[in-house]
Amino acid sequence: MVSAYAGGLYPGLLATGLSYLAAGYYLLPPIHSFAVVSNVERWQQLVVALAGVVISASNEALHRARLRAETATRAYQHADTALQENEARYRALVEWSPEAMIVHSGETVLFVNPAAIRMFGATSERDLVGKRILDLVHPDFHDIALTRLKSQIDTGGLTPMETRLIKLDGTIIEAETHGTSIVFDGAPALLGSIRDVTDRKRVEAALHESEGRYRTLFEHAPDGILIADRDSYYLEANASMCRMLGYPRDEFIG
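The text that follows walks through the structure, step by step, so that each part is easy to find. Per chain, residues are indexed from 1 in the order of the written sequence. Under the rules for a predicted model, residues below a pLDDT of 70 receive no local features and side-chain atom pairs below 80 are neither given nor counted, while totals for whole chains, interfaces and linings still include all residues. Note that water and hydrogens are dropped before the side-chain values are worked out from all heavy atoms of the structure.

1. Here we look at the nonpolar core
Buried together is how nonpolar side chains tend to be arranged in soluble globular proteins. In this text, buried Ala, Val, Leu, Ile, Met, Phe, Trp, Tyr and Cys residues form a nonpolar core when linked through side-chain atoms within 4.5 Å. For the exposure calls, accessible area comes from a 1.4 Å probe over protein chains only, and a residue counts as buried if that area is under 20% of its type's maximum, exposed if over 50%, partly exposed in between. One finds Ile102, Val112, Phe120, Ile133, Leu165 and Ile194 to be the most contacted residues of the largest nonpolar core, which totals 24 residues. Contributions of two or more residues to this core are made by β1 (100–105), β2 (108–112), α4 (114–119), α5 (142–155), β3 (161–166), β4 (172–184) and β5 (187–196). We count a stretch as a helix when DSSP gives it H or I for four or more residues in a row; a strand needs E for two or more, and each element gets its number in order from the N terminus. In terms of residues, this core owes the most to one element, α4, which gives four residues. A contact between two residues is defined here by any heavy atoms of the two lying within 4.5 Å. With residues near it in sequence (within four places) discarded, isoleucine 133 still touches Ile102, His104, Glu107, Val109 and Leu149.

2. Here we look at the packing of aromatic side chains
By convention, a stacked pair of Phe, Tyr or Trp rings (six-membered ring in the case of Trp) has centres within 6.5 Å and planes under 30 degrees apart, an edge-to-face pair has planes over 60 apart, and any other such pair is tilted. Counting across every chain of the model gives two aromatic pairs. Here phenylalanine 111 and phenylalanine 184 contribute two aromatic rings whose centre-to-centre distance is 6.1 Å and whose plane-to-plane angle is 40 degrees, an arrangement assigned as tilted. Placement of the pair is phenylalanine 111 in strand β2 and phenylalanine 184 in strand β4, with a sequence separation of 73 residues. A relative accessible area of 11% means that phenylalanine 111 is categorised as buried. Classification of phenylalanine 184 as partly exposed rests on a relative accessible area of 22%.

3. Things to note about a nonpolar patch on the surface
Note on patches: the residues involved have over 30% relative accessible area and no salt bridge, like charges join within 9 Å, and the nonpolar side chains Val, Leu, Ile, Met, Phe, Trp and Tyr join within 5 Å. Each accessible area is a Shrake-Rupley estimate made with a 1.4 Å probe; only the visible protein chains count as cover when residues are assessed. Within this document, salt bridges are pairs made up of a side-chain nitrogen of Lys or Arg and a carboxyl oxygen of Asp or Glu, the two lying within 4 Å of each other. A cluster of nonpolar side chains, contributed by Met244, Leu245 and Tyr247, occupies part of the molecular surface with about 340 Å² of accessible area. Tracing the sequence through the fold places tyrosine 247 in the segment after α7 (239–245).

4. With respect to the sheet that holds β1
Strand order in this open sheet of five strands is β2-β1-β5-β4-β3, and the pairing throughout is antiparallel. Single-partner strands in this sheet number two, and they are β2 and β3. With strand direction ignored, the average angle separating the axes of adjacent strands in the sheet is 40 degrees. At least two bridges found by DSSP between two strands are what make those strands a pair. The pairing of β1 with β5 spans five bridges and is classified as antiparallel. Each bridged residue has a counterpart across the sheet, and for histidine 104 the counterpart in β5 is leucine 190. On the sheet, helix α6 (residues 198–220) packs against β3, β4 and β5 and is oriented at approximately 140 degrees with respect to β4. For helices, the fitted line uses only the C-alpha atoms of the stretch in contact; every axis is such a line through C-alpha atoms, and the angle between N-to-C directions lies from 0 to 180 degrees.

5. Let's talk about the pattern of salt bridges
Overall, the coordinates contain 12 salt bridges when judged by the stated rule. For arginine 195, the salt bridge goes to glutamate 176, with nearest N and O atoms at 3.9 Å. Remark: glutamate 176 occurs in strand β4 and arginine 195 occurs in strand β5; sequence separation between them is 19 residues. Linking arginine 215 and glutamate 236 is a salt bridge whose minimum nitrogen-to-oxygen distance equals 3.5 Å.

See below:
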């Protein structure tokens, strides 16, 4: 039994065979002979041999089962460690992301990262978790938001889109959003990433307004204005210059 437990089937069978021979040679009459006189002793030896075989096979099966269990346990521990490391990396990325991230199921907010708390002017995630996602969207964009939510559920993701959102104090912000489907706490959910583009939109509007003023001044200037590059190719001319030269603009520009 010790040999079978320690080494498995073949050491157990070998130990059983040696024990069988030793018992027949040293313990059963005639002593120092492999001859067995009594049928009862023959059956006893046979029972002992069969018991050794059964015990060896059983211990081999237990040994293999133990090895499989240990292998499965190590694989589970490795997978669990890898999962914990992935979750830690994901948590770090979300927590330190400069973009606001909101996880919601249907229209209910389930999770927000620190950037989202700052963006919406909240003091903690408790101010946002549990709210309707539409409460954070400008009413003019509610229909678009609902359509995109349905599309995100059906397709698993959304392309970036510009929209207007509302902070908790009622301030309107311009934002660019995109989203994807995820599993959150074991259930399907939607992850939205939000970038505040209010300052960019303000700069773009100012630039557009400045360009409009420049274009108005350029076109209505009483003096002829001609713009050329370093290779003396004409790039632009105002109406006064075209009248002075007597050519339509498209004949000498470009």
